[in-house]
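Commentary on secondary and tertiary structure
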Amino acid sequence: MLHVKTPLVSIIIPVYNAQKFLQRCIDSVLNQTFKDFELILVNDGSNDSSGEICDLYCEQNERVQVHHIKNGGPSRARNHGMAQAKGKYITFIDADDYVNAFFSDTANKVKSEDYDLIVAPFSIVNPIGDSVESFQYIEKSFSSNERKQDFLKAIWLGKPLFGSCWNKWYKKSIICANGIGFMNDFFIAEDYLFNLHFYRKCQSAVLVSFPYYLHIQHENSVTSRIYYNRFDIAKTVYIESLKLLGDINIHDHHSRTFVEEAYLSGVLRAMFDIAKTENKLTFREKITELKKYLNDEEVRTLAANNKNYTFNRWAFFCLKYQLPMFYYSLFKIRNLLKG
């Protein structure tokens, strides 16, 4: 019987209409000096030439496999890729992003040590590769003999390292043992929730100093689109965030405030979506949704107790004093004036 070597890492790339950037992304992986990986391309029902590009790479390189699935969003694509993965670790790359040579340095460090979670700094670049912002950190780690709380604060509370899945390596055995996956009906914050669930179960982690990931900043980002379940997503993230804080005994005021204000920001973004011209709900449905947000007991408590929140003062005023009609009229006019 032929023995198939288990690769150190399975690299999963969900692909949807990414023909403009896909070759750069794939080449950045295949050109690494580190070679102990499998590359899983999940074509999520693309209607451009992305599928053909994936097939070509699969034919030319034995490390590459491609799966063509019906379009269902990035969560379904990532879950499909994880089901195929054979590596000790799993990591993700978005099809319009890419990695640099520091990826191999990270891989070599992972190979020589045995952490459950690896977190890497990253750089934000524009579509042609010019730097917009860089995040670099000194190496930090925790194991069963060190403090898990301190590490979480270092990468999450007030830091830009926690929310995404593409700057992390996850030990596959933990994912499988605990049934951890991405929520298929969440198109934002799905990786944030994945990280909350994974971190609860991991027993060791390292923040490496290699900023190998280059994340593309597009003008029309995913957060600017309308999501009709944005409030439910914000509430789910809030509940799971509080659970994680409790599970690892983080009870300080700063950490709790960070989670509460993140929830209020999510609620306000859900309110903004209601007033957007592109929103397809009827007027009655929009007011019903606003009342749902404003009448939520936890939202009302947080709004009443928070005196320093500055995300958007007018929207927060309407939230705090439960003024759905005033809010809708004010922000509908504002959006119309903005065009």
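Residues numbered from 1 in each chain as written. Predicted model: local features only at pLDDT ≥ 70, side-chain atom pairs only at ≥ 80, totals over all residues. Heavy atoms only, no water.

Within the protein chain, the regular secondary structure consists of 13 helices and twelve strands. Seen through its C-alpha atoms, the protein chain measures out along the principal axes to roughly 70 × 50 × 40 Å. The buried share of the protein chain, taken over its 339 residues, is 53%. Of the contacts formed within the protein chain by residues at least 6 apart in sequence, a portion of 81% connects residues at least 24 apart. Per element, the accessible surface of the protein chain, about 16,400 Å² overall, is 52% carbon and sulfur. (Helix = DSSP H or I, 4+ residues; strand = E, 2+ residues; numbered from the N terminus. Buried < 20%, exposed > 50% of the residue type's maximum accessible area, 1.4 Å probe, protein only. Contact = heavy atoms within 4.5 Å. Areas by Shrake-Rupley, 256 points an atom, 1.4 Å probe, with all protein chains shown as cover.)

The biggest cluster of nonpolar side chains holds 110 residues, and the ones touching the most others in it are L39, W156, W169, Y199 and L319. Per element, the largest residue contribution to this core is ten residues, and it comes from helix α9 (residues 253-275). Apart from residues no more than four positions distant in its own chain, Y199 is found in contact with L117, F142, K148, F151, L152, F162, L244 and I248. (Core = buried A, V, L, I, M, F, W, Y, C linked by side-chain atoms within 4.5 Å.)

With respect to burial, strand β3 (residues 64-69) is a largely interior element, five of its six residues being buried. Bridge count between strand β2 (residues 37-44) and β3: six bridges; the pairing is parallel. Looking at β3, one finds that V42 is bridged to H67. Handedness of the β2-helix α2 (residues 50-60)-β3 crossover: right-handed. (Pairing = 2+ DSSP bridges. Right-handed = clockwise from strand over helix to strand, strands pointing away.)

What follows is about the packing of aromatic side chains. Inspection of every chain in the model, using the stated rule, returns 25 aromatic pairs. Residues F122 and W166 carry aromatic rings whose centres are separated by 5.0 Å and whose planes lie at 90 degrees to one another, so their mutual orientation is edge-to-face. In this pair, F122 is assigned in strand β7 (residues 122-125) and W166 in the loop between α5 (148-155) and β10 (168-171), connecting sequence segments 44 residues apart. Residue class for F122 comes out buried when judged on its relative accessible area of 5%. Following the ring pairs from residue to residue traces out a cluster consisting of Y89, F103, F122, F135, W166, W169, Y212 and Y213. The ring of F37 carries R63 above its face, with NZ or CZ at 5.7 Å from the centroid. The cationic tip of R78 hangs over the ring face of F182; the distance from NZ or CZ to the ring centre is 5.2 Å. (Phe/Tyr/Trp six-rings, centres within 6.5 Å; stacked < 30°, edge-to-face > 60°. Lys NZ or Arg CZ within 6 Å of the ring centre and 35° of its normal.)

The N-to-C vectors of α9 and helix α10 (residues 283-295) enclose an angle of 170 degrees; their axes lie 10 Å apart at closest approach. It follows from the interaxial angle that α9 and α10 lie roughly antiparallel. Across the interface between the two elements, V267, A270, M271 and I274 of α9 pack against K286, E289, L290, Y293 and L294 of α10. (Axes fitted to C-alpha atoms, helices over the stretch in contact; angles between N-to-C directions. Parallel < 35°, antiparallel > 145°, perpendicular 65-115°, else oblique.)

Right, let's talk about the sheet that holds strand β8 (residues 131-134) for a bit. Taking strand neighbours across the sheet as the criterion, the four strands line up as β5-β12-β7-β8 in an open arrangement whose pairing is mixed. Across the chains shown, the open sheet's two edge strands, defined by having one partner strand only, are β5 (98-99) and β8. Inspection of the sheet shows β7 paired to β8 by three bridges, in the antiparallel sense. Following the sheet pairing, S123 is matched in β8 by S134.

In this section: the sheet that holds β3. Strand order in the open sheet made by the eight strands is β3-β2-β1-β4-β10-β6-β11-β9, with mixed pairing throughout. Here the strands that pair on one side only, and so sit at the sheet edges, are β3 and β9 (140-142). Averaged over all pairs of adjacent strands, the angle between strand axes in this sheet comes to 15 degrees, irrespective of strand direction. Sheet contacts for helix α3 (residues 74-84): β1 (9-15), β2, β3 and β4 (89-92); angle to β2, the most-contacted strand, approximately 145 degrees. Of the strands in this sheet, β6 (117-119), β9 and β11 (205-207) are in contact with α5, which crosses β9 at around 145 degrees.

With that out of the way, let us pick up the pattern of salt bridges. With the rule as written, the count across this model stands at 17 salt bridges. The salt bridge partner of D116 is K171, with a shortest N-O separation of 3.2 Å. Here the residue D116 occupies a position in the loop between α4 (102-112) and β6, and K171 occupies one in strand β10, the gap between them amounting to 55 residues. Between K243 and E240 there is a salt bridge; the shortest N-O distance is 3.4 Å. With K243 and E240 both in helix α8 (residues 230-247) and three residues apart, this pair spans about one turn of that helix. (Salt bridge = Lys/Arg side-chain N within 4 Å of Asp/Glu carboxyl O.)

Quick look at α8 now. Over its 18 residues, α8 runs 26 Å from end to end, which matches the ideal 26 Å to within 8%, given 1.5 Å per residue. Contacts made by the buried residues of α8 are with α5, α7 (190-201), α9, α10 and α11 (297-305). (Expected span 1.5 Å × (residues − 1).)

What follows deals with a nonpolar patch on the surface. A cluster of nonpolar side chains, namely W314, F317, Y321, F326 and L330, defines an oily patch on the protein surface of about 520 Å² accessible area. Within the secondary structure, Y321 sits in the loop between α12 (313-320) and α13 (324-338). (Patch = residues over 30% accessible without salt bridge, like charges linked within 9 Å, V, L, I, M, F, W, Y side chains within 5 Å.)

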